[in-house]
Amino acid sequence: AYSREQTLLVQKIVAEHSGSNFVYVEDPEAKKELWRIRKEALWACLAMRPDYEAMTTDVCVPLSRLAECISRSKVELDASPLLWYNEEHHQEAERLSHFMVHTALSMEGTCTGEHGVGTGKMKYLEEELGVEALRTMKKIKAALDPNDIMNPGKVIPPHV
């Protein structure tokens, strides 16, 4: 029931901000089909422009700030000349990613969600969590992975 309530809330937010094509399904087979389409959309776009590449990123904000985050991001994206991404557009893509991260952090969100920190978001962790939290994470990582074989060089910035 909670998932349904959240979906209806997101659907309302989408409608309030002139979003379109909001699809919600409950049937397990229909869910699988939507997930398949979602996973293949990026590759379909890249197939249309083989000389371009993708920069995938994500942020998370509290649900109560989601509409504001989407609105602010949309204004920034609408003002940007970026439509497709190649080396020529790298700086603009980085600028937009940086904007999204700082917008999320200003809304008590996080610099990443489903994709994890890896190396791309590492530079934002000190701002988000503070150096003491990162030092604690580093100690825990060292205790659990003394040979540094699990994701070496990822998550915790080297200067911590």
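Hey, could you run me through the nonpolar core in this one?
When a protein is soluble and globular, its nonpolar side chains tend to lie buried together. Counting 15 residues, the largest nonpolar core has Val61, Val101, Cys111 and Leu125 as its most contacted members. For this core, the elements supplying multiple residues, two or more each, are helix 4 (90-106) and helix 5 (122-129). Once residues within four sequence positions are removed from consideration, Val101 is found in contact with Val59, Cys111, Lys121 and Tyr124.

In this structure, what is going on with the side chain of Thr103? I would like to understand it.
Structurally, Thr103 is set in helix 4. Looking at Thr103, its side chain comes within polar contact range of the main-chain oxygen of Phe99, at 2.8 Å. Non-local contacts of Thr103, meaning those with residues more than four positions away in its chain, are made with Cys69 and Arg72.

How do you make sense of the side chain of Glu92 when you look at a structure like this?
Take Glu92: it is sitting in helix 4. When near neighbours in sequence (up to four residues on either side) are disregarded, Glu92 contacts Ser80, Pro81 and Leu82.

Help me out: how do you make sense of the environment of Ser97 in this one?
Its place among the elements puts Ser97 in helix 4. Under the relative-accessibility criterion, Ser97 is labelled buried at 10%. Sequence-distant contacts of Ser97, defined by excluding residues within four places in its chain, comprise Met55 and Thr57.

Would you explain the packing of helix 5 against helix 6 (residues 131-144) in this entry?
Relative orientation and spacing of two packed helices are given, respectively, by the angle between their axes and the distance between those axes. At a closest axis distance of 6 Å, the pairing of helix 5 and helix 6 adopts a crossing angle of 120°. With respect to their mutual orientation, helix 5 and helix 6 come out oblique. Side by side, helix 5 and helix 6 meet where Leu125, Glu126 and Leu129 of the first sit next to Val131, Ala133, Leu134 and Met137 of the second. Class assignment for the residues of the contact of helix 5 with helix 6 results in six nonpolar, no polar and one charged.

Just checking my understanding: could you explain the packing of helix 4 against helix 5 for this structure?
At their nearest, the axes of helix 4 and helix 5 sit 11 Å apart, and the two run at 20° to each other. One finds that helix 4 runs roughly parallel with respect to helix 5. The element helix 4 and its partner helix 5 pack so that their crossing is right-handed. For the pair helix 4 and helix 5, the contacting residues are Glu94, His98, Val101, His102 and Leu105 in the first and Lys123, Tyr124, Glu127 and Glu128 in the second. Here the contact of helix 4 with helix 5 is built from residues that sort into three nonpolar, two polar and four charged.

What should I look at first to understand helix 3 (residues 66-79) in this one?
Turn by turn, an α-helix covers 3.6 residues, leaving residues three or four places apart pointing in a common direction. Between its first and last C-alpha atoms helix 3 spans 20 Å; for 14 residues at 1.5 Å apiece the expected length is 20 Å, and the two agree. Turning to helix 3, its buried residues are Ala67, Cys69 and Ser73. Each buried residue of helix 3 lies within a common arc of 155° when the element is viewed along its axis, so the set occupies one face. Exposed and oriented more than 90 degrees from the buried face of helix 3 are Val75, Asp78 and Ala79.

Explain the pattern of salt bridges here, please?
Any two side chains of opposite charge can pair, on the condition that their charged atoms come close. Inspection of the entire model under this criterion finds 15 salt bridges. Of the charged contacts in the structure, one is a salt bridge between Glu16 and Lys12, with a shortest N-O distance of 3.4 Å. A residue pair is termed a helical-turn pair when its members lie 3 or 4 positions apart in one helix, as Glu16 and Lys12 do in helix 1 (residues 2-16) at four residues. In this structure, Arg65 and Glu68 form a salt bridge, with 2.9 Å as the shortest nitrogen-oxygen distance. Accessibility expressed as a relative area gives 34% for Glu68, which makes it partly exposed. Among the charged side chains, a network of salt bridges with common partners joins Glu33, Arg36 and Glu40.

Parameters at a glance
Residues numbered from 1 in each chain as written. Predicted model: local features only at pLDDT ≥ 70, side-chain atom pairs only at ≥ 80, totals over all residues. Heavy atoms only, no water. Core = buried A, V, L, I, M, F, W, Y, C linked by side-chain atoms within 4.5 Å. Buried < 20%, exposed > 50% of the residue type's maximum accessible area, 1.4 Å probe, protein only. Helix = DSSP H or I, 4+ residues; strand = E, 2+ residues; numbered from the N terminus. Contact = heavy atoms within 4.5 Å. Polar contact = N/O pair within 3.5 Å; in protein donor to acceptor, adjacent residues only side chain to side chain. Axes fitted to C-alpha atoms, helices over the stretch in contact; angles between N-to-C directions. Parallel < 35°, antiparallel > 145°, perpendicular 65-115°, else oblique. Nonpolar A, V, L, I, M, F, W, Y, C, P; charged D, E, K, R; others polar. Left-handed = near helix turned anticlockwise from the far one by under 90°. Expected span 1.5 Å × (residues − 1). Arc of directions from axis to C-beta. Salt bridge = Lys/Arg side-chain N within 4 Å of Asp/Glu carboxyl O.

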